[in-house]
2 protein chains.
Amino acid sequence: MTNGDLAQSLAAMGKAARAAASNLAQASLDQRVAALRASAAAIRANRDLITTANRTDMQAGAEQGLSPAMLDRLLLDDERIEEMASGLEAIAGLPDPLSRVLAEWQRPNGLTIRRIAVPLGVIGIIYESRPNVTADAAGLCLMSGNAVILRGGSEGFNSSHAIYDCMREGLRSTGIDENCVQMIGTRDRAAVGYLLSSMSEWLDVLVPRGGKSLIRRVQDEARVPVIGHLDGICHVYLHADAEPEKALAIAVNAKMRRTGICGSAETLLVDQALAGTVLPDVCTALQDAGCEVRGDAEVMSAVSEATAATEEDWSTEYLDAVISVRVVAGIDEAVSHIAHYGSGHTECIVTEDAAVAADFLRRVDSAIVLHNASTQFADGGEFGMGAEIGIATGRIHARGPVGAEQLTSYKYVVLGDGHTRS
Amino acid sequence: MTNGDLAQSLAAMGKAARAAASNLAQASLDQRVAALRASAAAIRANRDLITTANRTDMQAGAEQGLSPAMLDRLLLDDERIEEMASGLEAIAGLPDPLSRVLAEWQRPNGLTIRRIAVPLGVIGIIYESRPNVTADAAGLCLMSGNAVILRGGSEGFNSSHAIYDCMREGLRSTGIDENCVQMIGTRDRAAVGYLLSSMSEWLDVLVPRGGKSLIRRVQDEARVPVIGHLDGICHVYLHADAEPEKALAIAVNAKMRRTGICGSAETLLVDQALAGTVLPDVCTALQDAGCEVRGDAEVMSAVSEATAATEEDWSTEYLDAVISVRVVAGIDEAVSHIAHYGSGHTECIVTEDAAVAADFLRRVDSAIVLHNASTQFADGGEFGMGAEIGIATGRIHARGPVGAEQLTSYKYVVLGDGHTRS
């Protein structure tokens, strides 16, 4: 495709998305639910087609020498295909994010004012090598009444398109304009550039899903608002009054339950008072669980086989079985360490002192702050919000888990009886 | 200033704003209220200094040949100075926009999850020739716990700075870091470019206040989210079942109460069924009130002294005593006219048919939709929200009147008792 053709086809896509968005905004909950269920059925019915498409991607990926981790993200086996289908059905079972009366009040002059949830409009989603995002993201947009333009990673091109075809098939079986779900049909990387810079007329918001470099690029180049998160440098702070068993259980779970998710802990902050007791116990437990411990001088002296943490470690998201550990004088030093090195994602304090906990929860400016609970709970499902499109670390519109409700805007409905303003 | 100096001083300003923002975020309601009251007192105490500074601006403005309308916006007389002071006191009297528990629920595993309002962070406000915006905008940001960087129009340079000095004086008398209110101290227009393109590290959101060209530029060039509105092309739709007296009162009030505000009606849509009765009555009343009527063929034939509306009229925000009038077949044509020519700001339907009204309110996708009430109610004060920073027509974060509550974000507080994730 020439750049001109690309720009033209993307503009046409955007225009179609706008039209589909206003159609979808008027669709009933029953229609949206039917579309999601039909899409799930289509995914199950076309499992073989999806598997074949995925095999093509996996082969190409292996030839390109993708890492085992990337190949694993790319893989779609029967279990993952079923998860996509049941995931769509779970979204269909969520409470309707639209038409909620968010607030209602009456004015002294008798006017009734209502704030009512409405769709955002058209959402652009740029994601990398996980083809299952196609179903999850499109499903969430559909349930929240938003048209979506999908741009999947080129490694998963065939897999994503096979899933996309199922979504369109599901939509066709309902009264909804099927253009409310569209996918960019070219591998051409220039398409991302257009999506970021030339679609502001057609896109209301962009949601990047993927590695740091993608999200950084989207945040730097986007001409429309972006909902996304950059880093998940999550901290666990063990306060002097931490209950030792809770401290150990939470620290190990926060780091090791799953090291590859954004809510996994990367840095452990331990009060001076615990340096001789809880500190070595927790670090040994982490090491026994297969975690490498990198620490400051005091940690090195208290923990055998701990290696020296460099300045860089404090701002590194390992997403791996490695943790940086630092001894702090108390809550002030812990809070300022987090303010300096943290990414505003998720932080936890372990303590039995309610006042200290309240102080930490108030002063730490992150999307999610926890008291005596593992950072691995930073997840829309664990929050009871159902499926999520990611954890937002920005401060505008949505912060924390972004589910169906966070993909809505609102409008004001004002009811009068011939009211004029004096 | 060289561009290098400018960039440096703005970066320093941004850095100071970040530090002040975290200081302000921890300030109590009493401190914020005290700062607002002290600023109001400083404005009253320095009335003569403000008047002198304003006289300088007015003289320069007259020499530059500013329009009477612009000179009027620029003027600060005793009454307007007192309005700024009492406006700050009114903001100080608002319910605390921070620390509100927006939602709270418990999970089956016993975790308690709370969504709590927190400040946005640092807000950049770019405004034109109204110097009083300095106090209104800074006051709203202060009350909502946000640091602000102000950039006033060069015509009001001296006036804005005199007001700004009063705000800083007010802040100094409290424990709050006075850098939570800063103003760009140069007329250099390049400063706006930097604010838009090079401050994303220091700014969380930009709010433009002014004419279309400014807001268009901000929306086009900004590297951070923007809250603002472009046009206020508001419609009044007179449905076949409109009560004639309400129709006349609302149409005249919506257009003529104040023609220069964004909530004033610019287009009147009238059902065919009313073409021989209500249409001429309403148009004559508008003409008697001093309004020029531009209409389609049917209006021309039904209304004496109506001139022909051009295609351009339907998408023009007159902000003046002019209205475009069109006869429509019914609600479908009215809704699609609004979808095509409207700006998503405020639209009103006049009818006694509740079902038709509900249909209009649901289908019209604007920030504010009214039934049997004048579009001139589109105002934060009229909504009972207190002072506002503008009416947002975007769909992200805030829509409609943007008051203190809309200048907040939120965070999740999660309370456990040693919870780990399985």
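Rules used in this analysis
- Residues numbered from 1 in each chain as written.
- Chains lettered and ligands numbered in written order.
- Predicted model: local features only at pLDDT ≥ 70, side-chain atom pairs only at ≥ 80, totals over all residues.
- Heavy atoms only, no water.
- Least-squares fit on C-alpha atoms with pLDDT ≥ 70 in both.
- Contact = heavy atoms within 4.5 Å.
- Buried area = accessible area lost by both parts, 1.4 Å probe.
- Salt bridge = Lys/Arg side-chain N within 4 Å of Asp/Glu carboxyl O.
- Polar contact = N/O pair within 3.5 Å; in protein donor to acceptor, adjacent residues only side chain to side chain.
- Helix = DSSP H or I, 4+ residues; strand = E, 2+ residues; numbered from the N terminus.
- Phe/Tyr/Trp six-rings, centres within 6.5 Å; stacked < 30°, edge-to-face > 60°.
- Buried < 20%, exposed > 50% of the residue type's maximum accessible area, 1.4 Å probe, protein only.
- Pairing = 2+ DSSP bridges.
- Right-handed = clockwise from strand over helix to strand, strands pointing away.
- Axes fitted to C-alpha atoms, helices over the stretch in contact; angles between N-to-C directions.
- pLDDT = per-residue confidence, 0-100.
- Parallel < 35°, antiparallel > 145°, perpendicular 65-115°, else oblique.
- Left-handed = near helix turned anticlockwise from the far one by under 90°.
- Nonpolar A, V, L, I, M, F, W, Y, C, P; charged D, E, K, R; others polar.

1. What to know about the relation of the copies chain B and chain A
Argument step 1. By a simple turn and slide, chain B fits onto chain A: the slide is 0.0 Å along the axis, the RMSD is 0.0 Å, and the turn is 180°. Between the two chains, the operation in question is that of a two-fold axis. Ranked by how close their C-alpha atoms come to the rotation axis, the residues of chain B are headed by His397 of chain B, at 1.8 Å.
Argument step 2. The share of interface residues of chain B whose copies in chain A are also at the interface is 100%, consistent with both copies meeting through the same surface.

2. Describing the interface of chain B and chain A
Argument step 1. Opposite the 66 residues of chain B that make contact, chain A presents 66 residues.
Argument step 2. With both chains or domains summed, chain B and chain A bury close to 5,600 Å², and 48% of this area falls on carbon and sulfur atoms.
Argument step 3. Taken together, chain B and chain A are joined by six salt bridges.
Argument step 4. The partner of Lys246 of chain B in a salt bridge is Asp417 of chain A, and the shortest N-O contact between them spans 2.5 Å.
Argument step 5. Applying the counting rule to chain B against chain A returns 51 residue pairs in polar contact (both at pLDDT 80 or more).
Argument step 6. Those elements that place two or more of their residues in the side of chain B that touches chain A are β2 (112-119), α9 (212-221), α10 (244-256), α14 (354-363), β13 (368-373), β15 (400-401) and β16 (408-419) of chain B.

3. With respect to the packing of aromatic side chains
Argument step 1. Enumeration over the complete set of coordinates arrives at eight aromatic pairs over all chains.
Argument step 2. Here the aromatic rings of Tyr410 of chain A and Tyr412 of chain A are separated by 5.6 Å at their centres, their planes lie at 85°, and the arrangement is edge-to-face. Of the two residues, Tyr410 of chain A and Tyr412 of chain A, neither departs from the other in class, the shared state being buried.
Argument step 3. Centroid distance Tyr412 of chain A to Phe383 of chain B: 5.2 Å. Interplanar angle 80°. Geometry classified as edge-to-face. Taken together, the positions of Tyr412 of chain A in strand β16 (residues 408-419) and Phe383 of chain B in the loop between β13 and β14 (391-392) put the pair across two chains.
Argument step 4. Residue Phe383 of chain B is classed as buried on the basis of its relative accessible area of 1%.
Argument step 5. The structure contains a cluster of three or more aromatic residues connected by ring pairs, namely Trp105, Tyr410 and Tyr412 of chain A together with Phe383 of chain B.

4. Examining the side chain of Asn372 of chain B
Argument step 1. By the element assignment, Asn372 of chain B lies in strand β13.
Argument step 2. There is a polar contact of 3.0 Å between the side chain of Asn372 of chain B and the backbone oxygen of Thr351 of chain B.

5. Observations concerning unusual backbone geometry
Argument step 1. Despite not being glycine, Ser99 of chain A shows a phi value in the positive range, around 60°.
Argument step 2. Topologically, Ser99 of chain A is positioned in the loop between α5 (78-92) and β1 (101-106).
Argument step 3. If you check the backbone angles, Asn372 of chain B has positive phi at about 55° while not being a glycine.

6. Notes on the pairing of strand β4 (residues 147-151) of chain B
Regular strands place side chains that alternate from one sheet face to the opposite one.
Residues and elements named next belong to chain B.
Argument step 1. With respect to burial, β4 is a largely interior element, five of its five residues being buried.
Argument step 2. A two-sided burial pattern is seen for β4, the buried positions comprising Ala147, Ile149 and Arg151 on one face and Val148 and Leu150 on the other.
Argument step 3. Sheet topology places strand β3 (residues 122-127) next to β4; five bridges connect them, and they run parallel. From the neighbouring strand, Ile123 faces β4, where its bridge partner is Val148.
Argument step 4. This β-α-β element, β3 to helix α6 (residues 133-143) to β4, shows right-handed connectivity.
Argument step 5. In this sheet, strand β5 (residues 181-183) lies alongside β4 in parallel orientation, the contact comprising three bridges. From the neighbouring strand, Leu150 faces β5, where its bridge partner is Met183.
Argument step 6. On the question of chirality, the crossover connecting β4 to the parallel β5 by way of helix α7 (residues 157-172) is right-handed.

7. A word on the sheet that holds strand β6 (residues 205-209) of chain A
Residue and element names in this part refer to chain A.
Argument step 1. Strand order in the open sheet formed by four strands is β5-β4-β3-β6, and the pairing between neighbours is parallel. In this open sheet, the two strands that pair with only one neighbour each are β5 (181-183) and β6. For this sheet the average axis-to-axis angle between neighbouring strands, irrespective of direction, equals 20°.
Argument step 2. Note that strand β3 (residues 122-127) and β6 share five bridges and pair parallel. What sits directly across from Ile123, in β6, is Val205.
Argument step 3. Sheet strands in contact with helix α9 (residues 212-221) are β3 and β6, and its direction is about 165° off that of β6.

8. Observations concerning the pattern of salt bridges
As a working rule, side chains carrying opposite charge can pair if their charged atoms are close by.
Argument step 1. Scanning the entire structure with this criterion turns up 50 salt bridges over all chains.
Argument step 2. Arg217 of chain A is paired through a salt bridge with Glu221 of chain A; the nearest N and O atoms lie 3.1 Å apart. Taken together, the positions of Arg217 of chain A and Glu221 of chain A, both in helix α9 and four residues apart, correspond to about one turn of that helix.
Argument step 3. On the accessibility criterion, Glu221 of chain A (32% relative accessible area) is partly exposed.
Argument step 4. Put simply, Arg326 of chain B and Glu333 of chain B hold a salt bridge, and the shortest N to O gap is 3.5 Å.
Argument step 5. By relative accessible area, Glu333 of chain B is classed as partly exposed at 28%.
Argument step 6. Several salt bridges share partner residues, and in doing so they unite Asp332, Asp359, Arg362 and Arg363 of chain A into one network.

9. Comments concerning the confidence of the model for chain A
Argument step 1. Residues at a pLDDT of 70 or more form 100% of chain A, whose mean pLDDT is 94.
Argument step 2. Interface confidence in the predicted complex, given as ipTM, is 0.94; pTM for the same model is 0.93.

10. Side note on the side chain of Ser374 of chain A
Residues and elements named next belong to chain A.
Argument step 1. Of note, Ser374 is situated in the loop between β13 (368-373) and β14 (391-392).
Argument step 2. For Ser374, the side chain forms a polar contact with the side chain of Asn253, separated by 2.8 Å.
Argument step 3. A distance of 3.5 Å separates the side chain of Ser374 from the backbone nitrogen of Ala254, its partner in a polar contact.

11. Focus on the packing of helix α3 (residues 47-63) of chain A against helix α7 (residues 157-172) of chain A
All names here are of chain A.
Argument step 1. Two elements in contact, α3 and α7, have axes whose closest approach is 7 Å; the angle formed by their N-to-C orientations is 160°. Taken as axis vectors, α3 and α7 run roughly antiparallel relative to one another. The two elements α3 and α7 meet at a crossing, and its hand is right-handed. On α7, the residues touching Leu49, Ile50, Ala53, Asn54, Thr56 and Asp57 of α3 are Phe157, Asn158, Ser159, Ala162, Ile163 and Cys166.
Argument step 2. Each residue belonging to the contact of α3 with α7 can be placed in one class, and the counts come to seven nonpolar, four polar and one charged.

12. Things to note about the sheet that holds strand β6 (residues 205-209) of chain B
All names here are of chain B.
Argument step 1. Taking strand neighbours across the sheet as the criterion, the four strands line up as β5-β4-β3-β6 in an open arrangement whose pairing is parallel. The open sheet is flanked by β5 and β6, the only strands paired with a single partner. Adjacent strand axes in the sheet meet at a mean angle of 20° when their direction is disregarded.

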